[in-house]
Amino acid sequence: MRMRTLMMAVMLLTTLSAHAQWRVGATTGGDYNFYSMDKQYMTDYEIQGSPGLTVGASGQYNFKDWLGVRVDLNFTQKNYQLHRAMLDKWEYCYRNDYVQLPVMAAFSFGGNRLRGFCNLGFYTGIWLNSHLSGTDFNVFSDEWVDIDEDVKFNADRDNRWDAGLLASAGLEYRMAQHWAIQFEARYYHGLTSTTKPYMRVEDYRYNSTLAFQVGVYYLFK
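Residues numbered from 1 in each chain as written. Predicted model: local features only at pLDDT ≥ 70, side-chain atom pairs only at ≥ 80, totals over all residues. Heavy atoms only, no water.

Colleague: Tell me about the pattern of salt bridges, and name the residues and values.
Modeller: Per the counting criterion, the structure on display carries 10 salt bridges. Between Arg 23 and Glu 172 there is a salt bridge, with the nearest N and O atoms lying 2.6 Å from each other. Taken together, the residues span a long stretch of sequence, with Arg 23 in strand β1 (residues 21-37) and Glu 172 in strand β8 (residues 161-174) at a distance of 149 residues. Between Arg 157 and Asp 158 there is a salt bridge, and its shortest N-O distance comes to 2.9 Å. Of the residues examined, Arg 157 reaches a relative accessible area of 28% and is grouped as partly exposed. The class of Asp 158 is buried, set by a relative accessible area of 10%. (Salt bridge = Lys/Arg side-chain N within 4 Å of Asp/Glu carboxyl O. Helix = DSSP H or I, 4+ residues; strand = E, 2+ residues; numbered from the N terminus. Buried < 20%, exposed > 50% of the residue type's maximum accessible area, 1.4 Å probe, protein only.)

Colleague: Explain the packing of aromatic side chains to me, and be specific about the residues and the numbers.
Modeller: Summed over the entire model, instances satisfying the criterion amount to 14 aromatic pairs. Seen in terms of ring centroids, Phe 137 and Trp 144 are 5.1 Å apart; in terms of plane orientation they differ by 65 degrees. Their pairing is edge-to-face. By relative accessible area, which is 26% here, Phe 137 ends up partly exposed. What makes Trp 144 partly exposed here is its relative accessible area of 31%. For the ring pair Tyr 218 and Phe 220, a centre distance of 5.0 Å and an interplane angle of 80 degrees mean the geometry is edge-to-face. Under the relative-accessibility criterion, Tyr 218 is labelled partly exposed at 28%. Under the relative-accessibility criterion, Phe 220 is labelled partly exposed at 42%. Aromatic ring contacts, followed pair by pair, group Tyr 35, Tyr 45, Tyr 80, Trp 90, Tyr 92 and Tyr 94 into a single cluster. The ring of Tyr 188 is capped by Lys 78, whose NZ or CZ atom sits 6.0 Å from the centre of that ring. (Phe/Tyr/Trp six-rings, centres within 6.5 Å; stacked < 30°, edge-to-face > 60°. Lys NZ or Arg CZ within 6 Å of the ring centre and 35° of its normal.)

So far we have only geometry, and geometry alone does not tell us how the molecule works.
In structure tokens form, the structure reads like this:
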């Protein structure tokens, strides 16, 4: 009985290996981040999204021609801007750098050359750093001043751990037997706030990021 079970397991693994395929590649592109926060009493604040960069490495293991598991490691910027309606020159521009690890189920369909695909999964990451630039008003000197400085993290206020859900869709073109290029649109939906409850104030803030990227892959066969 044990020998029969072992033989069946070996046959199953052999069948999976016959249809399996590894691929590795690199991705690059741009993104646009949407930042949401409760403005509370700051009624004249205007929150605007801002563009950024995304670049990374990607690996995928296909169990079948249409089904696989994909894991990426990428650097993604989640930027945003703050403006004040009562002060037309007042502008805060935040550049936020993240390292992310998306894990996805990968589905594909189509012919041998041109294929469509969609990915569904989750991601986790770390907020690396934040930089502030823009223009502020100095009430003591009654003058406008330029800002260009790194933002220091406050362990009691800032939540540097990031996690959320993601979905993507795109097209893949097989250029040769071992090479493919992908054009992909991806949406990251943040589930963790960038802020913790601080000084008894629950001021939760979230990132939602839309990315457009190109990927080049080497397919092992």
